[in-house]
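Chain and residue survey
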Amino acid sequence: MERTYAMIKPDAVKAGNAGNIIARIEAEGFRIVGMKQIRVSLAQSQLFYVVHEARPFYNGLTEFLASGPVVAMVLEKDNAIKAWRDLMGATNPAQAAEGTIRKLYATSIDENAAHGSDAPETAAQEIAFFFTTAELV
Ligand code: ATP
Ligand code: MG
């Protein structure tokens, strides 16, 4: 069983879509190992997205993640990393497949409803960034 870090971003929480997204996660057979609603500080956001530091969208991206509550989750499934990214759909909702979370709930590439880790190493880092082992049940 693989684990991934998943996050419902501020736009989707604000729009009242967190429940729909969590229901979909359960329906698709993921086990929710950890889950909490939190407010990410700007400093945490800048660290979380440090890999994008040199990109022109970095300031907007980090401010957006810190702009309101998010739902942080650890999901478990066979091939959880790819399975969750497939369920989220393409980064740009205009390119996301029908039925994916970003197609359903994202409004733009900047405010795209959800995050998912992109590799085993980043999943381990991101899980540890947001959760203590005692919070993973
Ligand atoms: P995330 O890491 O949030 O799950 P992702 O892995 O699909 O998304 P990344 O390439 O890691 O995409 O980019 C992180 C975030 O930066 C994206 O979710 C998006 O909001 C933003 N982003 C990425 N590329 C662009 C771009 N070309 N223009 C504007 N924003 C972008
Ligand atoms: Mg990414």
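Residues numbered from 1 in each chain as written. Chains lettered and ligands numbered in written order. Predicted model: local features only at pLDDT ≥ 70, side-chain atom pairs only at ≥ 80, totals over all residues. Heavy atoms only, no water.

Some thoughts on the layout of surface pockets
In this structure, the largest pocket occupies an estimated 730 Å³ of space. For the largest pocket, the lining is made up of 25 residues, of which Tyr49, Val51, His52, Leu61 and His115 are closest to its centre. Going through the elements one at a time, helix H3 (42-48), helix H4 (58-65), strand E4 (114-116) and helix H7 (120-130) are the ones with two or more residues in the lining of the largest pocket. Residues of the lining of the largest pocket, tallied by class, amount to 10 nonpolar, 8 polar and 7 charged. (1 Å grid on protein atoms, 1.4 Å probe; cavity = no way out; pocket = protein on both sides within 12 Å on 5 of 7 lines; lining within 4 Å. Points joined across faces, edges and corners; volume = space filled by probe spheres on them. Helix = DSSP H or I, 4+ residues; strand = E, 2+ residues; numbered from the N terminus. Nonpolar A, V, L, I, M, F, W, Y, C, P; charged D, E, K, R; others polar.)

What to know about helix H5 (residues 80-88)
Within the sequence span of H5, burial applies to Ala80, Ile81, Ala83, Trp84, Leu87 and Met88. Buried positions along H5 lie against strand E1 (2-8), helix H2 (18-27), strand E3 (70-77), helix H6 (101-105), E4 and H7. In the segment just after H5, Gly89 is the residue with positive phi, at about 90°. (Buried < 20%, exposed > 50% of the residue type's maximum accessible area, 1.4 Å probe, protein only. Contact = heavy atoms within 4.5 Å.)

Comments concerning the site of ligand 1
The immediate surroundings of ligand 1 are formed by 13 residues, with Lys9, Thr91, Ile109, Asn112 and His115 found nearest. Within the side chain of Tyr49, a nitrogen or oxygen atom sits 3.0 Å from an oxygen atom of ligand 1. Contact between ligand 1 and Ile109: an oxygen atom at 2.6 Å from a main-chain N or O atom of the residue. For ligand 1, whose free accessible area comes to 570 Å², the fraction covered by protein is 79%. Among the cavities detected, the one that contains ligand 1 is the largest pocket. (Near = heavy atom within 4 Å. Polar contact = N/O pair within 3.5 Å; in protein donor to acceptor, adjacent residues only side chain to side chain. Areas by Shrake-Rupley, 256 points an atom, 1.4 Å probe, with all protein chains shown as cover. Sits in = over half its atoms within 2 Å of the grid points.)

Details of the pattern of salt bridges
Summed over all chains, the structure comprises 6 salt bridges. Salt-bridge contacts for Glu28 lead to Arg24; the nearest nitrogen and oxygen are separated by 2.9 Å. Judged by its relative accessible area of 24%, Arg24 is partly exposed. For Asp86, the salt bridge is made with Lys82, and the minimal N-O distance between the two is 2.7 Å. In this pair, Asp86 and Lys82 are both assigned in helix H5, 4 residues apart and thus about one turn of the helix distant. (Salt bridge = Lys/Arg side-chain N within 4 Å of Asp/Glu carboxyl O.)

A word on the nonpolar core
Side chains that are nonpolar tend, in soluble globular proteins, to be buried together. Counting residues in each nonpolar core, the largest one holds 20 residues, and the members touching the most others are Ile8, Met73 and Trp84. Broken down by secondary-structure element, the contributors of at least two residues to this core are E1, helix H1 (10-14), H2, E3 and H5. Once you skip the residues sitting within four places of it in the chain, Trp84 turns out to touch Thr4, Tyr5, Ala6, Ile21, Ile25, Phe30, Leu75, Ile101, Ala114, His115 and Gly116. Tyr5, Met7, Phe48 and Val70 belong to the second largest nonpolar core, which has 17 residues in total. (Core = buried A, V, L, I, M, F, W, Y, C linked by side-chain atoms within 4.5 Å.)

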